Amino acid sequence: MPDATQTLSYIQAVQHGLRWSLEALDDTVIFGEDVAVPGGPFGATKNLHRDFGDSRIFDTPISETAFLGMALGAAMTGLRPIAEIMYADFMFVAMDQLVNQIANTHYVSRGTYGAPLVIRTQQGYSSGSCAQHSHSIEAYIAHTPGLRLAVPSTADDAYQMLRAAIVSDDPVVVAEARMLYPTKGDVRLDAPVEPIGGGRITREGADVTIVAWSRMAAAALEAAEELAADGIDVEVVDPRWLAPLDFDLIAASVRKTGRLVIAHEANLTGGFGAEIAARAAEECFSDLRAPIARVGAPDVPTPAAPALQAVVIPSAADVVSAVRRVVR
Amino acid sequence: MSAVGDIVHMYREMRRIRAFEDRLMDLKAGGEVPGSMHLTNGQEAIAVGVASVLRPDDYVTATYRGHGWAISRGSDLTGLFAEVMARSGGVNGGRAGSPYFSDASINFLGENSIVGAGVPIAAGAALSAQRHGQGQVSVVAIGDGATNQGAVHEALNLAAALTLPMVLVVENNIYSEMVRIKDMTKIDQLAIRAEGYGIPGVTIDGNDPAVVAAAAADAVERARRGEGPTLIEAMTQRLVGHHSGDAQHYRPRGEVAEAALDEPLHRIRSAADATLLAELDAIDAEVTAEIEHAVAAARATELPDPNTAKDHVYA
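Please read these numbers as outputs of a predicted model, since none were measured by experiment.

For the rest of this paragraph, the subject is the confidence of the model for chain B. Residue-level pLDDT values for chain B average 96, and 98% of them are 70 or greater. With pTM at 0.96, the complex prediction returns an ipTM value of 0.95.

Residue and element names in this part refer to chain A. Scanning the entire structure with this criterion turns up 11 aromatic pairs over all chains. For the pair phenylalanine 31 and phenylalanine 67, a centre-to-centre distance of 6.4 Å together with 85° between the ring planes defines the contact as edge-to-face. Of this pair, phenylalanine 31 sits in strand S2 (residues 28-32) while phenylalanine 67 is found in helix H3 (residues 64-76), placing the two residues 36 residues apart along the sequence. For phenylalanine 31, a relative accessible area of 0% corresponds to the buried category. Taken together, a centroid distance of 4.9 Å and an interplanar angle of 65° make the contact between phenylalanine 92 and tyrosine 140 edge-to-face. Pair noted here: phenylalanine 92 is in the loop between strand S4 (80-85) and helix H4 (95-102) and tyrosine 140 is in helix H6 (residues 138-142), with a separation of 48 residues, a long-range link.

Counting residues at the interface gives 42 residues for chain A and 40 residues for chain B. In total, chain A and chain B occlude about 3300 Å² of area from one another, counting both sides; carbon and sulfur atoms represent 61% of this. At the boundary of chain A and chain B, one finds 0 salt bridges. Across the chain A-chain B interface, the total number found is 20 residue pairs in polar contact (both at pLDDT 80 or more). Of all the secondary-structure elements, those providing two or more residues to the side of chain A that touches chain B are S2, strand S3 (57-59), H3, H4 and helix H5 (105-108) of chain A. Counting residues per element, the side of chain A that touches chain B draws most heavily on H3 of chain A, at 10 residues. Within the side of chain A that touches chain B, the residues separate by chemical class into 16 nonpolar, 17 polar and 9 charged.

Residues and elements named next belong to chain B. All of the buried residues along helix H10 (residues 264-271) are Pro264, Leu265 and Ile268. Angular distribution of buried residues about the axis of H10 spans 105°; they occupy a single face of the element. Where H10 is buried, its residues touch helix H1 (7-29), helix H2 (44-51) and helix H11 (274-299). Between the side-chain oxygen at the start of H10 and the backbone nitrogen of leucine 265 there is a gap of 2.9 Å, and the oxygen is on glutamate 263.

Analysis parameters
- Residues numbered from 1 in each chain as written.
- Chains lettered and ligands numbered in written order.
- Predicted model: local features only at pLDDT ≥ 70, side-chain atom pairs only at ≥ 80, totals over all residues.
- Heavy atoms only, no water.
- pLDDT = per-residue confidence, 0-100.
- Phe/Tyr/Trp six-rings, centres within 6.5 Å; stacked < 30°, edge-to-face > 60°.
- Helix = DSSP H or I, 4+ residues; strand = E, 2+ residues; numbered from the N terminus.
- Buried < 20%, exposed > 50% of the residue type's maximum accessible area, 1.4 Å probe, protein only.
- Contact = heavy atoms within 4.5 Å.
- Buried area = accessible area lost by both parts, 1.4 Å probe.
- Salt bridge = Lys/Arg side-chain N within 4 Å of Asp/Glu carboxyl O.
- Polar contact = N/O pair within 3.5 Å; in protein donor to acceptor, adjacent residues only side chain to side chain.
- Nonpolar A, V, L, I, M, F, W, Y, C, P; charged D, E, K, R; others polar.
- Arc of directions from axis to C-beta.

Printed below as a string of structure tokens:
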């Protein structure tokens, strides 16, 4: 089909995924702060209110607890809500609804009630973003049984994984990367809807495995190019989903290369990198030829000033240093 | 069966709730109920009065003090006993227990152990109802203490802004867990908070099921007409503690005894003539038999299979 693949920005891919959900599924409704008439604070819902109206997409009061709870009640009674939390940091305002309510519903009801809903948000730092607009929340979400978590790092993944989340019968948090919104890539608009889960090897290599997601997935590829010039052959794995985590893919890569570096933007203590490192130590110990290395922010709140941010935000250079430590 | 104002029907339903909970206390004393329970003794008229005006396809959400709300909606007593007794025959197979069960077969979205958290969820059911356009209503019960939770404020404002078909019932039993609500808030009547959301609010006698039914009928009809939420504050008293092991040292001497003279079952019996009294006695005997049958049936179900403990985390 012509135009089945288009070059789109990450945020345009999200827009297409949301439009697809409204067209394909009568039960989807989209709500959140500034999503309807304003078209979304980052443009994710541009023109959707114009085309689908109040009954499918509407604005809520600035009340995260109320509208995440509303998403749950609606999902329990036949709708497929897509709620937008403007900044991932604001999820903490509504953690009761996420952790005590949404995540428990299917289990505690013994499957007689479900919570087929999607919470879209975006995370990570940007220039000038303060400590309340910079959190990478993946470890908080992935720690909670009952939730699914997507961390797309490309425009195509932003589209495909959002659609997978929408058709899933589990509650799914899609944590997009704000810094990637302008980045462009080919998006397969007519691809079949994927099941949730499944990582991807984005660069094959023999010497060391880098596992990285969200903004750091691109940083890892950049680092790999730089290292290649020095004759270090890097394999990059983008897990794409942290729940369910495709650990088999990571383990196979580690068994091949014998070295593992994990890179994320969140701070290190209790970060999801620690989970991957622990599992690799448990399941791939005899294959490892060097200690596992992690790249992440130090345990410091994110400062607003770019001059200070530059010190704490992980970069491709940090990934390069970590790889050099483990291949020494 | 339309039972609005049918006092005999409502007496029977209230008696079933009271007998269910009294029997649970016996079972707990006998070691057959793990954990604590939050009983609704004295407050039965509220759930029963509201239930009498609801349709089967309406949604109900309650707090952890929710046994009466499920029973008033027709949840199976065997399944409820088995749930609280942690058996496989429970409505949720023993995963929820006394304070957190749900029953999808009767559109009972569940109790909630987080104070006030059910109101946003009820708003979501009201959103479904609004979108499905079949005139369904979402009723949510909370205690007086929950009115001080942010979730309740947020959800009421949101439900009002979106004109959702929701009815919030505040069971004001004077105590916010173990402290008096009057010491936790500066207003005498919680219903006046409704004005802040731009919705109607009424304070009613919650120990008279007919009064409750009349107020609920107004609110439910308003919601079905698409005019949005209503707040009903139903005044009542707990004849028991906050939870099943609460010795209530914080309550003044004589308060419970006085409340017992005004509780809904006593009220009906003390006003009944000899003919009605005989009818009520017969109901009590029937309910006792029903309860014993349900307990036996619950006991006859197995303990949950340990191999299923990890089932149903995901769909």
